[in-house]
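Read off the chains here:
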Amino acid sequence: EPEVTQTPSHQVTQMGQEVILRCVPISNHLYFYWYRQILGQKVEFLVSFYNNEISEKSEIFDDQFSVERPDGSNFTLKIRSTKLEDSAMYFCASPGRGALGQETQYFGPGTRLLVL
Amino acid sequence: RKEVEQDPGPFNVPEGATVAFNCTYSNSASQSFFWYRQDCRKEPKLLMSVYSSGNEDGRFTAQLNRASQYISLLIRDSKLSDSATYLCVVNPSGSARQLTFGSGTQLTVLP
């Protein structure tokens, strides 16, 4: 299975602070995705990013969120002013193909964000 | 109606048992279907894709019924290592632009 890496693995921050989560997706893909999972809840789509632009975003992805590609291989998710309810696991994902050839996504190990 | 709905679980089964999970989806135009597994506090990992004709991967069999908008996963000869949460995942567009996840069904295989 292709590897997606994320840093940091854990982040603790104070409410109102800015956080930046980093992802190195599978190389040679122009698409990447961010998802989040609040503890005990389902995985939810946040945003897809294609060729340096947002392709799709969900209702969760409001003005406090932004995504960037600061260099050729890294992608970031920035939360400008964190709220308590932003505490969650944040996953980035890269496109891939399953064994039967269907397009799917491979997920990084996640960053666990705790907002105090 | 939830976009992707799964058996509430949890399922606790003995080693060697056969267990089946069900899932329904609301968007009839959905194109691709998957089962992922998620271990506690880890990322979702692709278990298998699901094709209309049904497909098998070792002890795992997936079925899709487009008319009923229903997906299933059958695990035979359960192992302790199968203990995880199983996520039903649907891609509405077929191009993997946005995956929609079910809430998952927790499976514990007991020795």
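Residues numbered from 1 in each chain as written. Chains lettered and ligands numbered in written order. Predicted model: local features only at pLDDT ≥ 70, side-chain atom pairs only at ≥ 80, totals over all residues. Heavy atoms only, no water.

Along chain B, the regular secondary structure elements total zero helices and 11 strands. Of the regular secondary structure in chain B, the N- to C-terminal order runs β-β-β-β-β-β-β-β-β-β-β. For 111 residues, the compact-globule estimate of 2.2 N^0.38 gives 13 Å, and the C-alpha radius of gyration of chain B, at 13 Å, lies within 12% of that figure. C-alpha atoms of chain B, sized along the principal axes, occupy 40 × 30 × 25 Å. Of all 111 residues assigned to chain B, the portion counted as buried reaches 48%. In chain B, 56% of the contacts between residues at least 6 apart in sequence involve partners at least 24 apart. When the accessible surface of chain B is summed, it comes to about 5100 Å², and 47% of that surface belongs to carbon and sulfur atoms. The centroid of the 11 positive side-chain charges in chain B is displaced by 5 Å from the centroid of its 10 negative side-chain charges. (Helix = DSSP H or I, 4+ residues; strand = E, 2+ residues; numbered from the N terminus. Rg over C-alpha atoms; globule rule 2.2 N^0.38 Å. Buried < 20%, exposed > 50% of the residue type's maximum accessible area, 1.4 Å probe, protein only. Contact = heavy atoms within 4.5 Å. Areas by Shrake-Rupley, 256 points an atom, 1.4 Å probe, with all protein chains shown as cover. Lys, Arg positive; Asp, Glu negative; His and termini not counted. Charge placed at Lys NZ, Arg CZ, Asp CG, Glu CD.)

Another point: empty space enclosed by the protein. Residue and element names in this part refer to chain B. Under the definition given, this model contains one cavity of 30 Å³ or more. Roughly 60 Å³ of volume is contained in the largest cavity. E3, V4, Y25, S26, N27, S30, V90, P92 and T100 together form the lining of the largest cavity. Each residue belonging to the lining of the largest cavity can be placed in one class, and the counts come to four nonpolar, four polar and one charged. (1 Å grid on protein atoms, 1.4 Å probe; cavity = no way out; pocket = protein on both sides within 12 Å on 5 of 7 lines; lining within 4 Å. Points joined across faces, edges and corners; volume = space filled by probe spheres on them. Nonpolar A, V, L, I, M, F, W, Y, C, P; charged D, E, K, R; others polar.)

Right, let's talk about the interface of chain A and chain B for a bit. Tallying the contact residues gives 25 residues for chain A and 24 residues for chain B. In total, about 2200 Å² of surface goes out of reach between chain A and chain B, with carbon and sulfur atoms giving 50% of it. Here chain A is connected to chain B by zero salt bridges. Our count for the contact surface shared by chain A and chain B stands at five residue pairs in polar contact (both at pLDDT 80 or more). Looking at the side of chain A that touches chain B, the elements that each hand over two or more residues are β4 (31-37), β5 (43-50), β9 (88-97) and β10 (103-107) of chain A. Looking at the side of chain A that touches chain B, the element that brings in the most residues is β10 of chain A, giving five residues. Among the residues forming the side of chain A that touches chain B, the class breakdown is 12 nonpolar, eight polar and five charged. (Buried area = accessible area lost by both parts, 1.4 Å probe. Salt bridge = Lys/Arg side-chain N within 4 Å of Asp/Glu carboxyl O. Polar contact = N/O pair within 3.5 Å; in protein donor to acceptor, adjacent residues only side chain to side chain.)

Further remarks concern unusual backbone geometry. Cis geometry is adopted by the peptide bond preceding P8 of chain A, which originates at T7 of chain A and carries an omega value of -10 degrees. Locating P8 of chain A in the fold gives a position in the loop between β1 (5-7) and β2 (10-13). A positive phi angle is found at R41 of chain B, which is not glycine, with a value near 65 degrees. Summarising the element assignment, R41 of chain B is placed in the loop between β4 (32-38) and β5 (44-50). Accessibility expressed as a relative area gives 51% for R41 of chain B, which makes it exposed.

So, about the sheet that holds strand β3 (residues 19-25) of chain B. Residues and elements named next belong to chain B. One open sheet holds the five strands; their spatial order is β1-β3-β8-β7-β6, and the pairing between them is antiparallel. Strand pairing shows two members of the sheet lacking a second neighbour, β1 (4-6) and β6 (55-57), which therefore form its edges. With direction set aside, neighbouring strand axes in the sheet form an average angle of 20 degrees. Of the pairings in the sheet, the one linking β1 to β3 comprises three bridges and is antiparallel in character. Bridge pairing in β3 places V4 opposite Y25. (Pairing = 2+ DSSP bridges. Axes fitted to C-alpha atoms, helices over the stretch in contact; angles between N-to-C directions.)

Read these as layout, nothing more, since geometry by itself doesn't imply function.
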